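# Notes for the structure review
Chain residues, written in single-letter form:
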Amino acid sequence: MDLRQSGMGKAPAYSLDGGRSLHRWLRDMRQHHPVQREPLTRVWTLYRYRDIIQATADPATFSSELWRYLPGDRGDDALTAGNLTAMDPPRHRLVRDLVSRSFTARAVGALRPRIAAIAAELIGAVADRGEMDVVADLSDPLPVLVIGELLGLPMADRELLSDWARRLLSFDKGDLTDEVVRKRVADTQQELLDYLRAHCRRRRTKPQDDLISRLIQAEVDGQRLTEDEVVNFANLLLLAGHVTTTLLLANIVLTLDEHPAAAAEARADRGLIPGLIEETLRYRPVIVSNMRVTTRAVTVGTEQLPAGQFVSLSFISGNRDEQYFTDPDRFDIHRDARKHLGFGHGIHYCLGAPLARLELGIALEAMFDRFSRIEVTGAPVDYYDTPGVAGPRSLRIAF
Ligand code: HEM
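Structure report, in brief. No experiment lies behind these values; they were computed from the predicted model shown.

Here is a general trend for soluble globular proteins: nonpolar side chains tend to be buried in one another's company. In this structure, Leu151, Phe233 and Leu256 are the most contacted members of the largest nonpolar core, which totals 101 residues. If you tally residues by element for this core, the top one is helix α16 (residues 353–370), at 11 residues. Discounting chain neighbours no more than four positions away, the residues touching Phe233 are Gly82, Leu84, Val99, Phe103, Leu215 and Leu351. Within the second largest apolar cluster, 15 residues are counted, among which are Val35, Tyr49, Ile52 and Leu313.

What follows is the structure in structure tokens.
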């Protein structure tokens, strides 16, 4: 039997053709194999929107504490404390309550002038060239600098921060099963953690008006974060808030290049930019999928999943589910796309969503203001090969 025809077989890589083959394959999976176990990895994948919502809305059955089920890694050491993404309730609720106040739209709104200044500086540095790499020149440095600002890290350390982020994010160029590559990543991670710990200790003795100082002082139900939790949370922000924002801005520029009428509309009416950002999170999400593990037997669709099963939630597939989005393969900046899965769903819904929306909106406005035309030139686009993320590694434009 031809596995491709039956809808099974291996998913085509996003990098093959910018997701076109992958989306055809995913449509087939939603129709014929919506809850499917991959024979080699034994990981189940949920392809339909409604099944993904079932899993994300039920963290007691679909746990994020994957480390409990992996051999050797107990996950409760100094490295994983404070890592919200790998935590279940009740600890998740407590830590999320402690940090979420600093991430409301209102709280991050105070960063608007600084973000605008950083974006203007980055764009100003290339404006005379008439061409740029959106990733290297703008969308990669911007989020690192913004998170540095949020955490109160010295601006003088920006090159250091960018370098650590670059070294940690060169993930798809090395094989993580290779001992040398693993050691290099672990050493880089340790350098960054040591740096954040030193910063955290300085703020403990001399608090300032920044997120680290607020986290050290924050208290909910008489509980505070430990030093390990503050340090690891800062580290998580630098990772979770960086490549995601970098790739989404690049995905927006790429998608607008393919849809010139939408680009012209948003340029003429800046009030359309928030809808454009949400629609890109649906149409071309950055986080393609995320994992959970079942803590007990559960039925999803027509399938019975036993306890202890790894389950991948295909956000990219749910976002094109024809049961939930009319004409899902059409990019439409006027649709109400807010129920997309680009920021996840449920208790782990992206904490940084208000900050990401603010950064992306400011960056886009700055590009529209400064460049009278934007045209992608570097075909074919060089996409990441990593299965978990979708977006260009570099994106050359002329303006
Ligand atoms: C969680 C996407 C920007 C911090 C998530 C999740 C997704 C996501 C899909 C859910 C993961 C899950 O369900 O397991 C994105 C995208 C971004 C973005 C597409 C940019 C366009 C940011 C920024 C920050 C951030 C700027 C902070 C500076 C976090 C944190 C979590 C998270 C801390 C974990 C929340 C929890 O587990 O309770 N993000 N993110 N993200 N994101 Fe984002």
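Read on for the rest.
In this section: the packing of helix α5 (residues 112–124) against helix α7 (residues 141–151). Here α5 crosses α7 at 145°, and the two axes come no closer than 10 Å. Seen from above, α5 lies across α7 with right-handed handedness. Along the contact surface, α5 presents Arg114, Ile115, Ile118, Ala119 and Leu122, while α7 presents Pro141, Leu142, Leu145, Val146 and Glu149. Its residues assigned to classes, the contact of α5 with α7 shows 8 nonpolar, no polar and 2 charged.

So, on to the coordination of the iron atom of the ligand. Metal coordination angles have textbook ideals: 109.5 degrees for a tetrahedral set of four donors and 90 or 180 degrees for an octahedral set of six. On the protein, Cys350 (SG) is the one donor atom to the iron atom of the ligand, at 2.3 Å. The topology assignment puts Cys350 in the loop between α15 (315–318) and α16.

Taken in spatial order, the 5 strands line up as β1-β2-β8-β5-β3 in an open sheet, and their pairing is mixed. Because the sheet does not close on itself, it has two edges, and the strands there are β1 (35–37) and β3 (62–63). Inspection of the sheet shows strand β2 (residues 44–46) paired to strand β8 (residues 310–314) by 3 bridges, in the parallel sense. Looking at β8, one finds that Trp44 is bridged to Val311.

Picture a little ball the size of a water molecule; that probe, rolled over the atoms, points out where space is still empty. Applying the stated criterion to the full structure yields 2 cavities of 30 Å³ or more. In this model, the largest cavity occupies a volume close to 60 Å³. Taken together, the elements giving at least two residues each to the lining of the largest cavity come down to α8 (158–169) and α11 (227–240). The leading source of residues in the lining of the largest cavity is α8, at 5 residues. For the lining of the largest cavity, the per-class residue count stands at 9 nonpolar, 1 polar and no charged. Estimated volume of the second largest cavity: approximately 40 Å³. What lines the second largest cavity is Val144, Leu145, Gly148, Leu153, Pro154, Met155, Arg158 and Leu161. Those elements giving two or more residues to the lining of the second largest cavity turn out to be α7 and α8.

A few words on the packing of aromatic side chains. In total, this model carries 9 aromatic pairs according to the counting rule given. Ring geometry for Tyr14 against Tyr383: centres 5.4 Å apart, planes inclined by 80°, an arrangement best described as edge-to-face. One end of the pair, Tyr14, is in the segment before α1 (20–32); the other, Tyr383, is in strand β10 (residues 382–383), and 369 residues separate them in sequence. The pair Tyr14 / Tyr383 is uniform in exposure class, with both members buried. Directly above the aromatic system of Phe325 lies the positively charged group of Arg282, at a separation of 5.3 Å from the ring centroid. In this arrangement the basic side chain of Arg320 is found over the ring face of Tyr283, its NZ or CZ atom lying 4.3 Å from the centre.

Turning our eyes to something else, we now look at the pairing of β8. For β8, the tally of buried residues reaches 4 of 5 residues, placing the bulk of the element in the interior. Across 5 bridges, the pairing between strand β5 (residues 289–294) and β8 is antiparallel. In the sheet register, Asn290 faces β8, and the bridge partner there is Leu313.

Rules used in this analysis
Residues numbered from 1 in each chain as written. Predicted model: local features only at pLDDT ≥ 70, side-chain atom pairs only at ≥ 80, totals over all residues. Heavy atoms only, no water. Core = buried A, V, L, I, M, F, W, Y, C linked by side-chain atoms within 4.5 Å. Buried < 20%, exposed > 50% of the residue type's maximum accessible area, 1.4 Å probe, protein only. Helix = DSSP H or I, 4+ residues; strand = E, 2+ residues; numbered from the N terminus. Contact = heavy atoms within 4.5 Å. Axes fitted to C-alpha atoms, helices over the stretch in contact; angles between N-to-C directions. Left-handed = near helix turned anticlockwise from the far one by under 90°. Nonpolar A, V, L, I, M, F, W, Y, C, P; charged D, E, K, R; others polar. Donors = N, O, S within 2.8 Å, 3.2 Å for Na, K, Ca; no water. Pairing = 2+ DSSP bridges. 1 Å grid on protein atoms, 1.4 Å probe; cavity = no way out; pocket = protein on both sides within 12 Å on 5 of 7 lines; lining within 4 Å. Points joined across faces, edges and corners; volume = space filled by probe spheres on them. Phe/Tyr/Trp six-rings, centres within 6.5 Å; stacked < 30°, edge-to-face > 60°. Lys NZ or Arg CZ within 6 Å of the ring centre and 35° of its normal.

All quantities given are derived from atomic positions and should not be read as evidence of function.
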